[in-house]
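For reference, the chains in residue letters:
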Amino acid sequence: MAEVVFDGVWKRYPDGTEAVKDMSLEIGDGEFVILVGPSGCGKSTALRMVAGLEEISEGKMLIGEKVVNDLTPKERDIAMVFQSYALYPHMSVADNMGFALKLAKVDKSEIRKRVEEAADILGLTEYLDRKPRALSGGQRQRVAMGRAIVRNPQAFLMDEPLSNLDAKLRVQMRAEIAELQNRLGVTTLYVTHDQVEAMTMGDRVAVLKRGELQQADAPQTLYDNPDNLFVAGFIGSPSMNIFEGDLQRDDGKLFVTVGSQRLAVDDEALDHYPRAADKAGSKVIVGMRPEHFTRGEHLPEDRRLNIEVSLVEALGSDLLVHFQSDAPPVITEDMREAVDSADAFAELERSAAKGGQTFTARLEPKGFPEVGEQMALGFRTEQLHFFDMDGGLALR
């Protein structure tokens, strides 16, 4: 096992495209780090540079304190698990798992021992004599994992290994991979575009945008304390409601406008965003996560929003209530990349043309509201997020 270090790493292609820009990131010995970001952000390129499948244009890549820029993939002592299982269809599960060891001329008895140990860990013992075509997608992915485990590498590299599985199996497999990594203690770098996957698996999550590292922190830290507007919009599902608001001080208390309404700002919010207090009388970018809304009929006016329901999605465990707000939206390229989909961004642009935008609130599934119904929504204002209007940086 070993740490993996990006030290000012760049990747430039001959046409001038910069896929990774000045990336510095340390992945500790035994740590599980997720690279996440929208398509084209450079996460897979970064992983392939660790593996030696992409040349490094500038900077240093270290594995176990050794600079590996000029080493071949074979010399780097890493094991990679791909999106495609890449199994040999004519070989048994056991032969697939032990093939790399066979090429390395490891003794047959040692190969058998390692394969059986890995199969026991992965629940594959009864399938060792089967061919890949006789396995389910999840079992094939376990075989691909087993092929990596038997090598006892310094690090695991995983490039979207669950993307070919159905939704239910993905949930199961991500729990299994996280548990397996914790048991083996092997340094692991894992690439995904799925931020839910990232939040539930890694010790730390590194968020990339256009080849640049935006923030690398524990998943809950990213969620609670995003460094900038992009991270705030990308982490969390549904996406954070983001809009332009005025901060106003009235009789010593701080308020923020949400369109034609306003909410009192708790001191606890300012503990997270102390520079927001200096922005009284100015416009700022405000973020409200859907899950921090509450039913607010019992709350005072400065603790609730009076809304008209435009759409309700019942998810069983909770409700997504959509409503139109007259709060001015913030439309940037960052938001185009951070929101859930192109359709979501198109909806944001349509709402902006009407002078407002659609907000989403996640509520407990009781008292199912009807479309067109007037209701009051409270908001836990200690959970408000504030960013500057110029660069979208958190006002901390």
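Look up: the structure comes first, before these words.
Here is what the cut-offs are and how they apply
Residue numbers restart at each chain and count upward from 1, following the sequence in its written direction. Only residues with pLDDT of at least 70 are given local features in this predicted model, and only at 80 or more are side-chain atom pairs given and counted; all residues enter the totals for whole chains, interfaces and linings. To obtain the side-chain values, all non-hydrogen atoms of the structure were used and water was disregarded. Pairing between strands is defined by DSSP: at least two bridges between them are needed. In this text, helices come from DSSP runs of H or I with a minimum length of four residues, and strands from runs of E with a minimum of two, each type numbered from the N-terminal end. Axis geometry follows a simple rule: fit a line to the C-alpha atoms, using only the stretch in contact for helices, then measure angles between N-to-C directions, giving values from 0 to 180 degrees. Note on definitions: a residue-residue contact is assigned when non-hydrogen atoms from the two residues lie within 4.5 Å. The span one expects for a helix is its residue count, reduced by one, times 1.5 Å. Exposed residues in this analysis have more than 50% of their type's maximum accessible area, buried residues have under 20%, and partly exposed residues fall in between, with area computed by a 1.4 Å probe over protein chains only. The arc under discussion is defined with respect to the helix axis, by the directions toward the C-beta atoms. What qualifies as a polar contact is a pair of N or O atoms within 3.5 Å, subject to a donor-acceptor requirement within protein and to the restriction that residues adjacent in sequence count only when both atoms come from side chains.

Asker: Describe in detail the sheet that holds strand β8 (residues 187-192), supporting the description with residues and values.
Answerer: Ordered in space as β6-β7-β8-β3-β9-β10, the 6 strands form an open sheet in which the pairing is mixed. Looking at strand neighbours, the two that pair on one side only are β6 (78-81) and β10 (212-217), the edges of this open sheet. Across this sheet, the average inter-strand angle for adjacent strands is 20 degrees, counted without regard to direction. In this structure, strand β3 (residues 32-36) lies alongside strand β9 (residues 204-209), joined through 4 bridges in parallel fashion. Of the residues in β9, the one forming a bridge with I34 is V205. Those strands touched by helix α4 (residues 137-149) are β6 and β7 (155-159), and its axis lies near 175 degrees from that of β6. Strand contacts of helix α5 (residues 167-184): β3, β7 and β8, with the helix running at about 140 degrees to β3, the strand carrying the most contacts.

Asker: I'd like to hear about the sheet that holds strand β13 (residues 261-264), residue by residue, with values.
Answerer: Reading across the sheet, the 5 strands line up as β13-β12-β11-β14-β20 and stay open at both edges, with antiparallel pairing between neighbours. Edge positions in the sheet fall to β13 and β20 (385-387), since each has one partner strand and no second. On average, each strand axis in the sheet is inclined to that of its neighbour by 40 degrees, with strand direction left out of account. Note that strand β11 (residues 241-250) and strand β14 (residues 283-288) share 6 bridges and pair antiparallel. The residue bridging F243 from the neighbouring strand is V286, located in β14.

Asker: Run through α5, naming residues and quoting values.
Answerer: Along an α-helix, a turn takes 3.6 residues, which lines up residues three or four apart on a common side. Taking 1.5 Å per residue as the helical rise, α5 with its 18 residues ought to reach 26 Å, and the 26 Å between its terminal C-alpha atoms agrees with that figure. Within α5, burial applies to L169, M173, R174, I177, L180 and Q181. Taken end-on, α5 shows its buried residues confined to a sector of 135 degrees, consistent with a single buried face. Residues K168 and N182 are exposed on α5 and point more than 90 degrees away from its buried face. Where α5 is buried, its residues meet β3, α3 (108-122), α4, β7, β8 and α6 (195-201). Where α5 begins, one side-chain oxygen reaches toward the backbone nitrogen of K168, 3.3 Å away; that side chain belongs to D166. Downstream of α5 by a residue or two, G185 has a phi angle that is positive, lying close to 70 degrees.

Asker: A description of the side chain of E197 should follow, citing residues and the corresponding values.
Answerer: Checked against the element boundaries, E197 lands in helix α6. One polar contact links E197 to Y190, side chain to side chain, over a distance of 2.7 Å. Discounting chain neighbours no more than four positions away, the residues touching E197 are L162, R170, R174, Y190 and T192.

Asker: With reference to specific residues and values, describe α4.
Answerer: With 13 residues, α4 should reach 18 Å at 1.5 Å per residue; the first-to-last C-alpha distance of 18 Å fits that figure. Here α4 lies mainly inside the structure; 11 of its 13 residues are buried. Those residues of α4 that sit buried are G138, Q139, Q141, R142, V143, A144, M145, G146, R147, A148 and I149. The inward-facing, buried residues of α4 contact β6, α2 (93-103), α3, β7 and α5.

Asker: So what about the pairing of β3? Which residues, and what values?
Answerer: Here β3 lies mainly inside the structure; 5 of its 5 residues are buried. Here β3 shows no split at all, with F32, I34 and V36 on one side and V33 and L35 on the other all buried. The pairing of β3 with β8 spans 5 bridges and is classified as parallel. Among the inter-strand pairings, V33 is bridged to a residue of β8, identified as L189.

Asker: So what's going on with the environment of L25? Which residues, and what values?
Answerer: Following the sequence through the fold, L25 ends up in strand β2 (residues 18-27). C-alpha of L25 to C-alpha of F293: the two residues are 268 residues apart in sequence and 35 Å apart in space.

Asker: Help me get a handle on the environment of A280, residues and values and all.
Answerer: Relative to the helices and strands, A280 is located in the loop between α9 (267-272) and β14. As for A280 and D166, which are separated by 114 residues in sequence, their C-alpha atoms are 49 Å apart. If sequence neighbours within four positions are ignored, A280 has contacts with L247, R249 and L254.

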